[in-house]
Amino acid sequence: MATAAATTFPAPSADFVLINGGTFQMGSPASEDWRSNDEEQHRVTVAPFYMAKYEVTQKLWCEVTGKNPSNFSGDNLPVESVSWLEAVEFCNALSRRDGRTPAYTVADGGSTVSWNRAANGYRLPTEAEWEYAARAGTTTPFYSRKVPGADEVNFYGHYPYQIEQNYFNDEVLETRPGVYRGKTVAVGSFAPNPNGLYDIYGNVGEWCFDYYGDYGTAAQTNPTGAASGTRRVYRGGGWNDFGKNLRSAYRAAMQQTSGAYNIGIRLVCNADDSVKGTVTTTEIKSTAHTAVKKALIVYYSWSGNTRGVAKEIARQTGFDSIELELVTPYSANYNTVLNEAQRDQHKQARPVLKTKIDPKKWAEYDTIILGYPNWWASIPMPIATLL
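Colleague: When you look at the overall build of the chain in this model, what are you seeing that I'm missing?
Modeller: Within the chain, the secondary structure is distributed over 7 helices and 17 strands. A compact globule built from 387 residues should have a C-alpha radius of gyration of about 21 Å, and the chain, at 22 Å, falls within 12% of that. Based on the C-alpha atoms only, the size of the chain along its principal axes is roughly 80 × 45 × 40 Å. Counting only residues that meet the buried cut, the chain has 53% of its 387 residues in that class.

Have a look at this one:
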């Protein structure tokens, strides 16, 4: 018996592009620099779908919800600092506003989320849909084939792809270090990928539907990720991510109740009625960890990225934090500080700290967390002075 042809749907608006369905190799080859073991390659087929050209802006979020949770402020900046659950509720609210059928049902305080795959409402992309759209038919680490730099993507431009193994010899890099903006920029500030998607890399990471889990090696059609888990996936890297975290195959994950100032959302919706059924996912409550009674974050930050991470950890946990400052700071120029860092490592120097910490203070905490820029390739000398 012949299968009936799928009924196609029009795009929600001119701000959406059609991503034609197809089959691709999801994940990365073993030869790809800075790949992780969770990027195991496998064959995936996805149905056609519409994807928004731009990340959801603060203007649209405010119009729908009446509030703006973002750390950075601007109508055309991407909304950020939203949790996965808030993103799902936003999709439903926008669907209702536009006369569409909401895709999600949230129950048990968010622990159970069901997705009606036949609904025509707005939703989050699956991991497979996101990677398929980002790759735009390519098999290289980036859709551009050439390593993107700070003129093409808003990311931690000081650290383009493969700089980790070339800290002190960046002349060999295909793409040299560039500007680090330290914030989000207006959506659509750079050229789109071949599918017409702006900021698919950088600016803010983008929530996906899936719980984080192993791919496996079997071929899959329209996968939706694990049925249960502790963290939801987000993709694409953000304004403060290194180049290696912009790769099409790179995966990151966070608890669905948490948000961060480098994570936002991009909307998708069905392009036809070929995929039906309901997917129900369940949060696994973690009970294995031991609560930390009192912790102190001690960190050294050169450009401000480590400072931002430390403050975010402190905000979410309530931990105390102290920033290490030097009597004679390192140069603010990137190329100069690389030479200074290399010099001090070779000399095993111990720069004098401006920040003084009473040794008795250590005894007040049961955990001490040290933070520092990992581009030093070892413990930075200011941390060595402290220790």
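Colleague: What is the right way to look at the packing of helix H1 (residues 58-65) against helix H2 (residues 84-97) in this model?
Modeller: In helix packing, the relevant descriptors are the interaxial angle and the interaxial distance, both defined with respect to the helix axes. Two elements in contact, H1 and H2, have axes separated by 10 Å at closest approach and are oriented at 70°. Of the possible angle classes, the one that applies to H1 and H2 is roughly perpendicular. Touching Leu60, Trp61, Glu63, Val64 and Thr65 of H1 are Glu86, Ala87, Phe90, Ala93, Leu94 and Arg97, all from H2. Of the residues belonging to the contact of H1 with H2, the class tally is 7 nonpolar, 1 polar and 3 charged.

Colleague: What am I meant to see in the pairing of strand E7 (residues 205-211) here?
Modeller: Sheet faces and side chains relate simply in a regular strand, where the side chains alternate between the two faces. Most of E7 is tucked away, with 7 of its 7 residues classed as buried. The sheet contact formed by E7 and strand E10 (residues 232-235) spans 3 bridges and is antiparallel. Considered in E10, the bridge of Glu206 is made with Arg235.

Colleague: Would you take a moment to explain the nonpolar core for this structure?
Modeller: In this structure, Trp84, Tyr104, Leu124, Trp207, Ile265 and Leu267 are the most contacted members of the largest nonpolar core, which totals 34 residues. Elements represented by at least two residues in this core include exactly strand E4 (49-52), H2, strand E6 (112-116), E7 and strand E11 (252-254). Top element by residues in this core is H2. It accounts for 7 residues. For Tyr104, the contacting residues outside a window of four places in its chain are Val88, Cys91, Asn92, Val113, Ser114, Trp115, Tyr122, Arg123, Leu124 and Phe209.

Colleague: Help me understand the sheet that holds E7, please; the structure alone is not making it clear to me.
Modeller: Remark on secondary structure: sheet strands pair via backbone hydrogen bonds, oriented parallel or antiparallel. Within the open sheet, the 4 strands sit side by side as E11-E10-E7-E12. Their pairing is mixed. The two strands at the open ends of the sheet, each matched to only one other strand, are E11 and strand E12 (263-264). Pairing between E10 and E11: 3 bridges, direction antiparallel. Counted as the bridge partner of Val233 is Ala253 from E11.

Colleague: I would appreciate a short explanation of the pattern of salt bridges in the present structure.
Modeller: Any two side chains of opposite charge can pair, so long as their charged atoms come close to each other. The final tally for this structure, using the stated rule, is 14 salt bridges. Arg251 is paired through a salt bridge with Glu127; the nearest N and O atoms lie 2.8 Å apart. Placement of Arg251 in the loop between E10 and E11 and of Glu127 in helix H3 (residues 127-135) is noted, with a sequence separation of 124 residues between them. Just as Arg251 is buried, Glu127 falls in that class too. In this structure, Arg307 and Glu323 form a salt bridge, with 2.8 Å as the shortest nitrogen-oxygen distance. Placement of the pair is Arg307 in helix H4 (residues 305-317) and Glu323 in strand E16 (residues 320-323), with a sequence separation of 16 residues. The network of salt bridges with common partners includes Glu127, Glu131, Arg135, Arg235 and Arg251.

Conventions used here
Residues numbered from 1 in each chain as written. Predicted model: local features only at pLDDT ≥ 70, side-chain atom pairs only at ≥ 80, totals over all residues. Heavy atoms only, no water. Helix = DSSP H or I, 4+ residues; strand = E, 2+ residues; numbered from the N terminus. Rg over C-alpha atoms; globule rule 2.2 N^0.38 Å. Buried < 20%, exposed > 50% of the residue type's maximum accessible area, 1.4 Å probe, protein only. Axes fitted to C-alpha atoms, helices over the stretch in contact; angles between N-to-C directions. Parallel < 35°, antiparallel > 145°, perpendicular 65-115°, else oblique. Contact = heavy atoms within 4.5 Å. Nonpolar A, V, L, I, M, F, W, Y, C, P; charged D, E, K, R; others polar. Pairing = 2+ DSSP bridges. Core = buried A, V, L, I, M, F, W, Y, C linked by side-chain atoms within 4.5 Å. Salt bridge = Lys/Arg side-chain N within 4 Å of Asp/Glu carboxyl O.

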